[in-house]
Amino acid sequence: MDEFRAGWGPLLAAMIGTMCGLITITNYSQGFFVGPVTEEFGWSKAQFFLGFTAMMLAGVITAPLVGTLADKFGACLLGIVGLVGHAVSYVLISLNPGSLALWYASFVLLAILAAGSLPIIWTKVVNGWFVKNRGKAIGITMVGTGLGAMLLPPIIEAVIASAGWRAGYRVVGIGALVFAMPFVLVLFRERQSEPETAGETQNHPMQWGYTVSDAAKQAKFWVLCGVLFLTVFFVVGMLSNFERIMIAEGLDRPTIAGIAAIMGGTVIVGRLMVGALVDRFWAPGVGMFFFSLPIISVLLLLNTDITVVAAVFVAITLGLASGAELDLLSYLTSRYFGTAHYGAIFGVIFAVFSVGAGISPPIFGAVADATGSYDLILTISLGILGFSVLMFLMLGSYPDNSEEEIANA
């Protein structure tokens, strides 16, 4: 546990940064704003959520850029700038006078100014501190998303109920900054490239890694991009439409809310389980297991009348898959392509991830509206999940020259 004694500070700061960063705050807060905003401005729910789509698609540019900048100027500086930009952007969103064009522009600006708070930054520093326990460390870092999923709903709901949606956006943005910044300023630091002692040399070998251009020449790079695109398309599509799917199955809203809370807790469990398992077992195999579970849930949704117990099972499998995704994205990137240029490579792969996350909610909703049910998109999801499980197999063995291989030699 020498790694945890040395790296607990950066790890804690990374977890807090993840909890207060762009992906967590936006993913787990927008559902509470859609009603008040659309009622005030007369927009449709689809028009509201296109802001999220615009933000995620902007990540195609911002994610690779911030990854490259982190490799060049350091992740710590980018993390600080990202948290400040995140707060500023949410304040600007709260000032919207009812302009749909300004709404979309504000979310694109959010993607730009808050890019430094993406998981690229937090996991880049954690990867530098942890080698043998990297999976566990990444899992702990990503627990921040689960904590956000549990803590944000009651806070946002209370603020909106008492002071309105504009105050809600300001409290979320400024509150995240005020809470996270002390941890980041004091504890978030990168490990020096040169170890100080011979003992550290064994546990923290010199960084290795492909450049972006060299990584892109390998089939594994495109397989990883493909499998993450497919899995995030399914996970985000299901998460964003979970309430509507359960209502279509005959469940009432209070029951669905309770089931969603269980799912939020399961996300945390998934993060920690994946982190522990990938340190001991072949990570693509772990991914195959976690993304096979929702296949059972989709089959239940398509072929049975959903009871509360069955709905809880669906929520648990979806939560585990959601918890696995970003952990695997970070871990597989570092294991197959190294950490020397991790920021740049992670940024490119995260851009593909962003496209899948950005387009899936409206596609799931549009197909359901066009056909009158979720059956078609759920059937398509079966094929997506099955193909993604097979793609995990295509990743093959780890490179022999990885830091982990050297450390364990």
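Residues numbered from 1 in each chain as written. Predicted model: local features only at pLDDT ≥ 70, side-chain atom pairs only at ≥ 80, totals over all residues. Heavy atoms only, no water.

### Here we look at the overall build of the chain
Helix and strand counts for the chain come out as 18 helices and zero strands. For 409 residues, the compact-globule estimate of 2.2 N^0.38 gives 22 Å, and the chain sits close to it at 21 Å. Judged by the C-alpha coordinates and their principal axes, the chain covers about 65 × 45 × 35 Å. A burial count over the chain gives 55% of its 409 residues as buried. The long-range share in the chain, meaning contacts at least 24 apart out of those at least 6 apart in sequence, stands at 85%. When the 18 positive and 24 negative side-chain charges of the chain are each reduced to one mean point, those points stand 4 Å apart. (Helix = DSSP H or I, 4+ residues; strand = E, 2+ residues; numbered from the N terminus. Rg over C-alpha atoms; globule rule 2.2 N^0.38 Å. Buried < 20%, exposed > 50% of the residue type's maximum accessible area, 1.4 Å probe, protein only. Contact = heavy atoms within 4.5 Å. Lys, Arg positive; Asp, Glu negative; His and termini not counted. Charge placed at Lys NZ, Arg CZ, Asp CG, Glu CD.)

### Structural notes on the packing of helix α4 (residues 45-73) against helix α7 (residues 119-129)
Contact geometry of α4 with α7 gives a least axis separation of 9 Å together with a crossing angle of 35 degrees. For the crossing formed where α4 meets α7, the hand is right-handed. In this structure, α4 contributes Ala63, Val66, Gly67, Ala70 and Asp71 to the contact, and α7 contributes Ile120, Ile121 and Lys124. Of the residues assigned to the contact of α4 with α7, the class counts are five nonpolar, one polar and two charged. (Axes fitted to C-alpha atoms, helices over the stretch in contact; angles between N-to-C directions. Left-handed = near helix turned anticlockwise from the far one by under 90°. Nonpolar A, V, L, I, M, F, W, Y, C, P; charged D, E, K, R; others polar.)

### Observations concerning the confidence of the model for the chain
For the chain, the mean per-residue pLDDT works out to 85, and 94% of the residues sit at or above 70. At the low end of the mean pLDDT range in the chain sits helix α10 (residues 198-203), at 45; at the high end sits helix α6 (residues 100-113), at 95. Across residues 194-204, confidence stays below pLDDT 50; counting only partners more than four residues off in sequence or on other chains, it has 17 contacts. In the predicted structure, residues 405-409 sits below a pLDDT of 50 and forms 11 contacts with residues beyond four places in sequence or in another chain. (pLDDT = per-residue confidence, 0-100.)

### A short note on the environment of leucine 92
Along the chain, leucine 92 turns up in helix α5 (residues 75-94). You can call leucine 92 partly exposed: its relative accessible area is 36%. When the C-alpha positions of leucine 92 and serine 106 are compared, they lie 7.1 Å apart, and in sequence the two are 14 residues distant.

### Here's the deal with a nonpolar patch on the surface
There is a patch of nonpolar side chains on the surface, built from Val84, Val88, Leu92, Leu95, Val108, Leu109, Ile112 and Leu113 and spanning about 590 Å² of accessible area. When residues of the nonpolar patch are traced back to their parent elements, those giving at least two are α5 and α6. In terms of residues, the nonpolar patch owes the most to one element, α6, which gives four residues. Positionally, isoleucine 112 belongs in helix α6. (Patch = residues over 30% accessible without salt bridge, like charges linked within 9 Å, V, L, I, M, F, W, Y side chains within 5 Å. Areas by Shrake-Rupley, 256 points an atom, 1.4 Å probe, with all protein chains shown as cover. Salt bridge = Lys/Arg side-chain N within 4 Å of Asp/Glu carboxyl O.)

### Here's the deal with the pattern of salt bridges
Per the counting criterion, the structure on display carries five salt bridges. Between aspartate 2 and arginine 5 there is a salt bridge whose closest N-O contact spans 2.2 Å. Taken together, the residues span about one helical turn, with aspartate 2 and arginine 5 both in helix α1 (residues 2-19) at a distance of three residues.

### Concerning the nonpolar core
A general feature of soluble globular proteins is that nonpolar side chains tend to end up buried together. Judged by nonpolar contacts, the single largest core of 129 residues is most densely connected at Tyr169 and Phe350. Once residues lying within four places of it in the same chain are set aside, the contact partners of phenylalanine 350 are Ile23, Ala63, Leu118, Pro119, Ile120, Leu326 and Leu329. (Core = buried A, V, L, I, M, F, W, Y, C linked by side-chain atoms within 4.5 Å.)

### A word on empty space enclosed by the protein
The probe, sized like a water molecule, is rolled over the atoms to show the empty space still left. Tallied over the full model, the rule gives three cavities of 30 Å³ or more. The space that makes up the largest cavity amounts to roughly 60 Å³. Forming the walls of the largest cavity are Leu22, Ile23, Met55, Met56, Gly59, Thr62, Ala111, Leu118, Phe350 and Ser354. Looking at the lining of the largest cavity, the elements that each hand over two or more residues are α2 (22-27), α4 and α16 (342-371). When residues of the lining of the largest cavity are assigned to their parent elements, the largest contribution, four residues, is made by α4. Broken down by class, the residue content of the lining of the largest cavity amounts to seven nonpolar, three polar and no charged. The computed volume of the second largest cavity comes to approximately 40 Å³. Lining of the second largest cavity is provided by Thr18, Gly21, Leu22, Ile23, Thr24, Ser117, Pro119, Trp122, Thr145 and Leu326. Of all the secondary-structure elements, those providing two or more residues to the lining of the second largest cavity are α2 and α7. (1 Å grid on protein atoms, 1.4 Å probe; cavity = no way out; pocket = protein on both sides within 12 Å on 5 of 7 lines; lining within 4 Å. Points joined across faces, edges and corners; volume = space filled by probe spheres on them.)

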